[in-house]
Amino acid sequence: AFGYFTPFATTPTMVSATVANTAITITYNEGVGCPATGADAAFVYDWTGSASGGTVTGCTAIGNVLTLTGTFILPSGTATIVYTAPTATNTTSNSVFASSNNSEFAATQTIVPPANTTAPTMVSATATGTAGGSGSLAITYNENVTCPTGSAAQLQADYTYNYTGV
């Protein structure tokens, strides 16, 4: 008599993660699937390890990379992403699952993304003003930034605007 083979079962496990302003990407140890909105509440992102860094509003997966959409604060050195498996029955409508075997579901797990190490960069600027020299300068950055606080003289010293037009 011959035996039979049982499919090799694995549990999807988070391997690495990165956080941007509008997406969190998580790499798993195998291909995964996730419902577009059914697993949103199962993910919690804390940008300092304890303070909420945003809310997940969508989930997609291609191969072993799962992407969570939302609006997020870039991580500090102690950020965490926690996936909590449902306490009710896991299904492909409410859980992260192995794409090779959709009866294998991710367990509750935590991963620490690297702290943001990319300096904000200016993308564009618009100057408005009058002939007398007063006006404003609106600068768009590649990510969310916080302006320094202080007196107007201090803030003006932080920026240099050189006009070379007519």
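Residues numbered from 1 in each chain as written. Predicted model: local features only at pLDDT ≥ 70, side-chain atom pairs only at ≥ 80, totals over all residues. Heavy atoms only, no water.

Lay out the sheet that holds strand β10 (residues 109-111) with the relevant residues and their values.
Sheet architecture is open: three strands sit in the order β4-β7-β10, paired in antiparallel fashion. Each edge of the sheet is formed by a strand with only one pairing partner; in this case those strands are β4 (43-46) and β10. Averaged over all pairs of adjacent strands, the angle between strand axes in this sheet comes to 15 degrees, irrespective of strand direction. Sheet topology places β4 next to strand β7 (residues 80-83); four bridges connect them, and they run antiparallel. Across the sheet, Tyr-45 pairs through a bridge with Ile-81, a residue of β7. (Pairing = 2+ DSSP bridges. Helix = DSSP H or I, 4+ residues; strand = E, 2+ residues; numbered from the N terminus. Axes fitted to C-alpha atoms, helices over the stretch in contact; angles between N-to-C directions.)

Before we move on, could you go through the side chain of Ser-95 and cite the residues and values that matter?
Residue placement: Ser-95 occurs in the loop between β7 and β8 (97-98). Since its relative accessible area comes to 0%, Ser-95 is described here as buried. Engagement of the side chain of Ser-95 in a polar contact is seen with the side chain of Asn-90, the distance being 2.7 Å. Here Asn-94 takes part through its side chain, which lies 2.7 Å from a polar atom of the side chain of Ser-95. Filtering out sequence-adjacent residues up to four positions away, Ser-95 remains in contact with Gly-33, Cys-34, Pro-35, Ala-39, Tyr-83, Pro-86, Asn-90 and Phe-105. (Buried < 20%, exposed > 50% of the residue type's maximum accessible area, 1.4 Å probe, protein only. Polar contact = N/O pair within 3.5 Å; in protein donor to acceptor, adjacent residues only side chain to side chain. Contact = heavy atoms within 4.5 Å.)

Outline the nonpolar core, supporting the account with residue identities and numerical values.
Core analysis: the largest hydrophobic core is formed by 23 residues, its most contacted members being Ile-26, Phe-43, Leu-66, Ile-81 and Val-96. Those elements that place two or more of their residues in this core are β1 (14-19), β2 (23-28), β4, β5 (54-62), β6 (65-72) and β7. Residue contacts for Phe-43: discarding those within four places in its chain leaves Ile-26, Tyr-28, Val-56, Leu-66, Leu-68, Ile-81, Val-82, Tyr-83 and Val-96. (Core = buried A, V, L, I, M, F, W, Y, C linked by side-chain atoms within 4.5 Å.)

Provide a residue-level description of the state of the cysteines, including the pertinent values.
Two cysteines form a disulfide when their sulfur atoms are joined by a covalent bond. Counted under the stated rule, the structure contains one disulfide. One disulfide bridge connects Cys-34 with Cys-59, the sulfur atoms lying 2.0 Å from each other. Measuring handedness by torsion sign, the sulfur bridge of Cys-34 and Cys-59 sits at about -115 degrees and is left-handed. Residue Cys-34 is located in the loop between β3 (32-33) and β4, and its partner Cys-59 is located in strand β5; the two are separated by 25 residues in the primary sequence. Take Cys-34: its relative accessible area is 14%, and that puts it in the buried class. Here Cys-59 falls in the buried class, since its relative accessible area comes to 4%. (Disulfide = S-S within 2.5 Å.)

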